[in-house]
Amino acid sequence: MAQLSQLLSRLPSNIDVRMSTMGHVVWVSWHDKLAPAVGQTLLNYGGMLVGEEEEQSIWFFFTDDVFLALARLMVWGNFNELPVAIELFPGRLQFGRKREVNLLLDGALQAQQLVVTDTLEIWIHPKSREGKKGLPGITFESRSGRQGMASVEWASMSVDVRMPYSSTQSWFALLHPLGNPLDKGFQTGWTAMFKRLEALLQKHKIKSIVDNTFMMIAIDNLMMLRTFMRDFLHSFDKEKNDSSGYWPCVSVVADRNNLNFNADLPKKIGLQWDNLMPDFPYMSYRNAYLLGEGFTVRDLRFTGEQMAMDSWCNVMLDENSLSGRSLTLLMPSRLTMPSASGNGCVYCGIHSHEASECPTRLGPASSPDVWDALGKLDIEAINEGFRSIELALTEKSSNGYSAIMADDDDAAVVMRAVFEINAACQLRNVPRHWLYRMREPEPGEGVPARDDSPAWDLLDKLITTSPADMGAMEKKISQAIARHQRDPRLHMVQAFAHIERNDYPRAEAAFRNAAVLTPSPALQAWNEFFLARIAEEQGHLTQAIEQYSQIWRVMPHWREVKYRELVCQVKMGFCEPVLDQLTKLIREDPTYFNRVLVDPALERGRLLILSALYDLWTEAKNCADADRARVTEISARLDAWFAPEHPVQLQLGTKVRDLEAQAHINNYLAFLNVVAERPNLEKEMEDCIAREVEDLRNRYKYYLDILQEIRDEASWFPFPAALREFSHEFNESAGIINRAFSCNFKEAESFKRAQGETPHLAELLRSLRKRLQFLRMVRDGTLFGLTLLKTFMWLEAVGLLLCFVAVPVIYFWGETMHLGWLRNILGSEPWSIQKILILIVTTVSLGTAALRTTLVFDRKREKLLEEARQQREQAQQTRLERVRTQRRLEAERAKRNQRAESEPGNRR
């Protein structure tokens with residue numbers, strides 16, 4: 001038993017509905033295998049397969065041809081065994097933004113179950129058969145539904161087998177070649193293509209008529225439409241066939257309805273043929289979905305309102321590379337639709353408002369930051385920005401521009417970029433062009449002073465003047481010109497005033513006068529550029545192209561001129577010949593990629609242009625994808641080498657994170673920036689690592705010198721037991737330095753570990769130095785005291801010896817030694833004199849010892865420290881020799897063992 005809810009659950013839910021329409025839903029259920037005639041019949045009568053699973057499917061019909069299809073099945077079922085059950089009931093078909101399809105049904109219908117018998121059974125819902133009693137050869141008979149079906153008044157169909165039940169759907173296809181019929185290229189190209197078209201129509205026996213430059217084709221049924229569209233698109237696919245018999249041609253497929261097959265058909269369809277894109281047929285969404293599999297439907301533009309099934313779209317074959325090889329970007333319809341008066345805007349190029357209403361009149365001067373900001377947006381964000389622009393303009397009309405520009409969201413960024421496309425023609429940039437003579441100011445250059453010309457004041461007043469007061473403004477400008485006839489800027493202001501009133505002939509005359517009076521070649525070319533823009537806005541595209549070409553020859557470095565020339569060719573419909581030039585322009589200045597992407601003026605060639613941009617996009621994206629992994633490696637390596645608080649991490653990490661963020665942005669400029677900046681960033685990181693490694697090595701060498709100095713200072717200390725804490729810190733510092741010098745600083749883990757220990761090592765060395773001050777005082781005091789004591793003892797001993805020997809000798813043998821005068825000095829109490837002498841000797845010894853110790857202390861201290869250093873170095877050398885000897889013995893032992901192991905093998 002088939003369950004409709006199970007089939008509906010396979011359809012996408014919660015879609016963002018973009019289109020919806022009421023129609024007929026056909027639920028088909030069968031046993032085992034469905035006869036191919038059933039699906040083919042439903043398809044030929046305009047059925048659209050919505051969902052299918054084992055033994056059941058669901059179809060949608062836009063028209064009442066569904067009854068003709070069911071009648072044909074009834075006739076076929078009368079003569080063939082057909083175990084199929086079919087229900088027909090009303091429903092709404094919904095389309096999402098990404099082509100997802102869903103059905104909206106009544107709750108009672110969704111819960112149905114259907115039993116299949118051995119014969120064909122068709123059940124018609126009462127709402128579906130309302131007003132259908134007059135169908136020829138078809139009658140309805142009330143019939144109670146089976147178990148599991150909705151509780152409504154179902155009916156079955158009775159058909160007259162003699163009726164043909166032919167489909168009522170038919171179409172007209174119209175072909176309109178581009179170009180001037182008097183042009184030799186048109187005559188050659190269109191004649192060759194017409195011959196190929198005639199052969200195609202004769203092959204399928206399709207009727208056609210030709211009038212002027214229109215070819216009209218009558219298509220009688222859906223099968224013929226599918227065949228013609230497939231063969232037409234395949235025959236003129238330039239990628240797979242010779243393009244010699246091809247000429248760009250606008251093609252439209254319209255419902256026949258009540259139209260007559262005659263020469264007035266192009267006028268009655270009501271299309272602006274000069275604005276349609278060639279090469280891709282236009283048809284309604286309903287007819288496009290009737291084509292079935294093998295065709296790709298492309299939207300023309302984005303609209304803020306729900307679209308109808310009768311809205312126009314483009315169709316191409318699935319096998320066409322453009323079906324999958326194209327950027328997905330929809331232009332808002334509010335930026336491409338014409339204004340109420342039919343006059344576009346010379347300033348910004350948008351046709352939905354006139355020049356007097358242009359939002360750029362009161363905006364700030366242009367800035368290159370606009371394209372940088374757009375280059376940081378993902379292409380999906382640009383799409384969302386366009387959607388927001390469409391919704392705002394749909395709700396607020398021209399007032400929506402100011403609401404969009406007031407924010408800083410994606411829509412504002414995209415809108416500023418759209419306005420920046422024609423920045424050279426906008427009033428906000430006129431003062432800067434006058435001051436700098438069409439050149440970009442140098443960095444840090446001051447703003448030149450304005451002269452006393454009245455053009456400055458008149459321009460400011462013109463910008464704020466309303467259209468109603470423009471007449472009085474023109475009088476003031478004319479009076480100023482009468483007083484300053486040789487001032488070209490006044491003629492430009494006069495031209496702007498004429499543009500505000502859509503008086504293009506007088507504006508052209510004013511710009512010509514300004515060009516004649518302008519002494520600067522750049523400003524003269526600028527005035528001629530305005531002439532070309534006015535011709536472009538009036539639709540005189542050939543004249544505009546010639547004008548742009550002339551300016552380009554004078555100023556070959558002004559890419560804006562070349563770009564406008566290419567835009568005019570696209571507006572004429574000849575998009576394919578300019579794709580190579582457009583690609584070359586983008587390669588010279590990558591910002592033109594996004595300029596082309598968001599330019600509403602390129603709407604007529606958008607599909608081909610988006611396909612050409614896709615090749616550039618893919619090339620840049622592949623390079624960026626290759627570098628994205630390298631950027632991730634740079635980020636990982638930076639984190640592996642440096643701690644988060646390290647200065648290199650703070651400085652270089654910001655650049656790496658910015659580049660890493662850009663690597664995940666789907667934007668052409670972001671791709672190029674990643675490719676360009678990644679090698680520089682990688683080199684900068686390598687330089688930083690090498691510099692930091694060398695700095696860390698030098699720092700540890702400096703710490704080692706400090707530690708050796710501390711060791712030398714503390715080596716001769718008389719009280720080793722007092723150095724417990726000092727020795728602990730010293731040994732810890734020595735261990736850190738030994739670990740650092742034993743590792744490889746060119747390895748990230750070793751470098752980061754050694755670098756992480758430097759703060760602790762520096763703190764230990766500071767503590768050791770503080771302790772060393774006290775140790776040095778104790779050591780130097782001890783050494784000074786011992787040296788003083790030694791010298792004093794020697795001097796005191798010698799002095800006392802002389803005193804004890806000399807006084808008795810003089811006292812007893814002075815007269816004999818002819819030293820009577822000393823004997824007389826000693827008198828009768830020599831021992832008292834001897835005490836005085838002892839005191840004098842002690843005092844002199846102490847003073848002499850202190851003086852001598854002061855003089856020889858530094859030399860003696862250095863000598864002792866040097867001896868200690870030599871002893872330590874000798875001991876260290878002894879340890880090294882012992883280690884080397886041990887390693888040599890181990891190596892010799894290993895060699896002997898190896899020879900011993902190899903000798904039995906040699907004997908064998």
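Residues numbered from 1 in each chain as written. Predicted model: local features only at pLDDT ≥ 70, side-chain atom pairs only at ≥ 80, totals over all residues. Heavy atoms only, no water.

**What to know about the overall build of the protein chain**
Part 1 of the argument: Helix and strand content of the protein chain: 29 helices and 17 strands.
Part 2 of the argument: The globule rule puts the C-alpha radius of gyration for 908 residues at 29 Å, and the 50 Å found for the protein chain is more than 25% above it.
Part 3 of the argument: C-alpha atoms of the protein chain, sized along the principal axes, occupy 180 × 105 × 65 Å.
Part 4 of the argument: With 908 residues in all, the protein chain has 49% of them scored as buried.
Part 5 of the argument: By sequence separation, contacts in the protein chain at least 24 residues apart represent 73% of the contacts at least 6 residues apart.
Part 6 of the argument: As displayed, the protein chain has an accessible area near 45,800 Å², and 52% of this comes from carbon and sulfur atoms.
Part 7 of the argument: Distance between charge centroids for the protein chain: 6 Å, based on 108 positive and 117 negative side chains. (Helix = DSSP H or I, 4+ residues; strand = E, 2+ residues; numbered from the N terminus. Rg over C-alpha atoms; globule rule 2.2 N^0.38 Å. Buried < 20%, exposed > 50% of the residue type's maximum accessible area, 1.4 Å probe, protein only. Contact = heavy atoms within 4.5 Å. Areas by Shrake-Rupley, 256 points an atom, 1.4 Å probe, with all protein chains shown as cover. Lys, Arg positive; Asp, Glu negative; His and termini not counted. Charge placed at Lys NZ, Arg CZ, Asp CG, Glu CD.)

**Considerations on the pairing of strand S5 (residues 84-96)**
Part 1 of the argument: The element S5 is largely enclosed, with a buried count of 11 among its 13 residues.
Part 2 of the argument: Sheet topology places strand S2 (residues 17-30) next to S5; 13 bridges connect them, and they run antiparallel. For Val26, the partnering residue across the bridge sits in S5 and is Leu88.
Part 3 of the argument: Here S5 pairs with strand S8 (residues 121-124) via 4 bridges, running parallel. The residue of S8 that forms the bridge with Glu87 is Trp123.
Part 4 of the argument: Pairing between S5 and strand S6 (residues 101-104): 4 bridges, direction antiparallel. In the sheet register, Gln94 faces S6, and the bridge partner there is Asn102.
Part 5 of the argument: Hairpin connection of S5 to S6: 4 residues between the antiparallel strands, including Arg99 at a positive phi of 70°. (Pairing = 2+ DSSP bridges.)

**Quick look at the pattern of salt bridges**
Part 1 of the argument: The tally for this structure, following the rule as stated, stands at 40 salt bridges.
Part 2 of the argument: In this structure, Arg146 and Glu121 form a salt bridge, with 2.4 Å as the shortest nitrogen-oxygen distance. Placement of the pair is Arg146 in the loop between strand S9 (138-142) and strand S10 (155-159) and Glu121 in strand S8, with a sequence separation of 25 residues.
Part 3 of the argument: Residue Arg146 is classed as partly exposed on the basis of its relative accessible area of 32%.
Part 4 of the argument: Across the salt bridge formed by Arg678 and Glu682, the nearest N and O atoms sit 2.6 Å from each other. Taken together, the residues Arg678 and Glu682, both in helix H25 (residues 668-715) and 4 residues apart, mark about one turn of the helix. Of the two residues, Arg678 and Glu682, neither departs from the other in class, the shared state being buried.
Part 5 of the argument: Counted as one network, the salt bridges with shared partners bring together Arg533, Glu536, Glu537, Arg564 and Lys571. (Salt bridge = Lys/Arg side-chain N within 4 Å of Asp/Glu carboxyl O.)

**Remarks on the side chain of Arg678**
Part 1 of the argument: Arg678 sits in the buried class, given a relative accessible area of 11%.
Part 2 of the argument: There is a polar contact of 3.4 Å between the side chain of Arg678 and the side chain of Asp627.
Part 3 of the argument: Sequence-distant contacts of Arg678, defined by excluding residues within four places in its chain, comprise Asp627, Arg630, Val631, Ile634, Leu659 and Asn673. (Polar contact = N/O pair within 3.5 Å; in protein donor to acceptor, adjacent residues only side chain to side chain.)

**Things to note about the packing of aromatic side chains**
Part 1 of the argument: Taken as a whole and assessed by the stated rule, the structure comprises 23 aromatic pairs.
Part 2 of the argument: Pairing Trp526 with Phe530 gives two aromatic rings, centres 5.5 Å apart and planes at 55°, and the pair type is tilted. Residue Trp526 and its partner Phe530 are located together in helix H18 (residues 521-537), separated by 4 residues, close to a single helical turn.
Part 3 of the argument: What makes Phe530 buried here is its relative accessible area of 0%.
Part 4 of the argument: Measuring from ring centre to ring centre gives 4.2 Å for Phe593 and Tyr668, while their planes differ by 15°; the resulting arrangement is stacked. Within this pair, whereas Phe593 is found in helix H22 (residues 591-597), its partner Tyr668 is found in helix H25, the two being separated by 75 residues in sequence. (Phe/Tyr/Trp six-rings, centres within 6.5 Å; stacked < 30°, edge-to-face > 60°.)

**Some words on the state of the cysteines**
Part 1 of the argument: In the structure shown here, the tally under the stated rule is 0 disulfides.
Part 2 of the argument: Here Cys313 is not disulfide-linked; the sulfur of Cys249 is the nearest cysteine sulfur, at 18 Å.
Part 3 of the argument: Looking at Cys313, the relative accessible area reads 0%, which means it is buried.
Part 4 of the argument: Cysteine Cys425 remains unbridged, with the sulfur of Cys345 as its closest cysteine sulfur at 9.6 Å. (Disulfide = S-S within 2.5 Å.)

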